[in-house]
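Summary of the model geometry
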Amino acid sequence: MTRKLTIDLGEGPVAVTDGGDVDLDAVDYRAGDGSRITNAIAEEWAKEAEQRGGRPHLDPEKQPSIRLAFRVPEGLSDRIDDLAAKTGRRRSDVLRAAVEAYLEAV
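So, here is what we can say about the structure in this document. Being a predicted model, the structure only gives us computed values, none of them experimental. (Residues numbered from 1 in each chain as written. Predicted model: local features only at pLDDT ≥ 70, side-chain atom pairs only at ≥ 80, totals over all residues. Heavy atoms only, no water.)

**A few points about unusual backbone geometry**
Cut-off, in case you're wondering: Under the DSSP-based scheme used, a helix requires at least four consecutive residues in state H or I and a strand at least two consecutive residues in state E, with every element numbered from the N terminus.
Unlike most non-glycine residues, Lys-62 shows phi in positive territory, near 60°. Position of Lys-62 among the secondary structure elements: in the loop between helix 1 (39-52) and helix 2 (74-87).

Next up, the structure:
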């Protein structure tokens with residue numbers, strides 16, 4: 001049974017088609033490297049994805065985090081990226097720390 005769905009993974013809504021379950025042992029599907037995808041391999045991938053989980057919670061009480069977006073001049077963006085690279089952190093970690101420091105200071 002085919003269904004049309006709209007999903008949003010954070011980049012805006014996207015229309016997708018749900019074609020239902022597929023018997024991978026009966027139909028020949030191939031991975032990017034050309035290897036055959038079987039039901040057993042798909043189950044293994046699903047278990048790995050479940051165990052991996054998502055990103056760690058930012059809030060100690062595990063409340064959802066809110067995504068903020070804003071624009072900055074290119075020079076400031078370069079400085080943020082340089083600091084992130086020098087300190088081995090992600091851009092979002094540097095920005096979060098800067099906002100927290102600013103809010104503590106005012």
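**A look at the pattern of salt bridges**
Under the convention used in this document: Here a salt bridge means any side-chain nitrogen of Lys or Arg lying within 4 Å of a carboxyl oxygen belonging to Asp or Glu. The classification of residues rests on relative accessible area computed with a 1.4 Å probe and restricted to protein chains. Under 20% of the type maximum is buried, over 50% is exposed, and intermediate values are partly exposed.
Counted by the stated rule, this structure contains five salt bridges. Taking the shortest distance from any N to any O, the salt bridge between Asp-81 and Arg-91 comes out at 2.8 Å. Highlighted residues: Asp-81 in helix 2 and Arg-91 in helix 3 (residues 91-105), separated in sequence by ten residues. Relative accessible area serves as the criterion here: at 30%, Asp-81 is assigned to the partly exposed category. Arg-96 serves as the salt-bridge partner of Asp-93, at 2.7 Å between the closest nitrogen and oxygen. Highlighted residues: Asp-93 and Arg-96, both in helix 3, separated by three residues, approximately one helical turn. Under the relative-accessibility criterion, Asp-93 is labelled partly exposed at 24%. The class of Arg-96 is partly exposed, set by a relative accessible area of 28%.

**What about helix 2?**
The condition is simple: Under the convention used throughout, the expected extent of a helix is 1.5 Å for every residue step, that is, one less than its residue count. Throughout, the arc means that of the directions going from the helix axis to the C-beta atoms. The criterion used for residue contact is that any of the two residues' heavy atoms lie within 4.5 Å.
If you check helix 2, its first and last C-alpha atoms are 20 Å apart, about what 14 residues at 1.5 Å a residue would give, namely 20 Å. Residues Ser-77, Ile-80 and Ala-84 constitute the buried set of helix 2. What you see down the axis of helix 2 is that its buried residues fit within an arc of 65°, all on one side. Exposed residues pointing more than 90 degrees away from the buried face of helix 2 are listed as Arg-79, Ala-85 and Lys-86. On the buried face of helix 2, the contacting elements are helix 3. Phi for Gly-88, located one or two positions after helix 2, is positive at around 70°.

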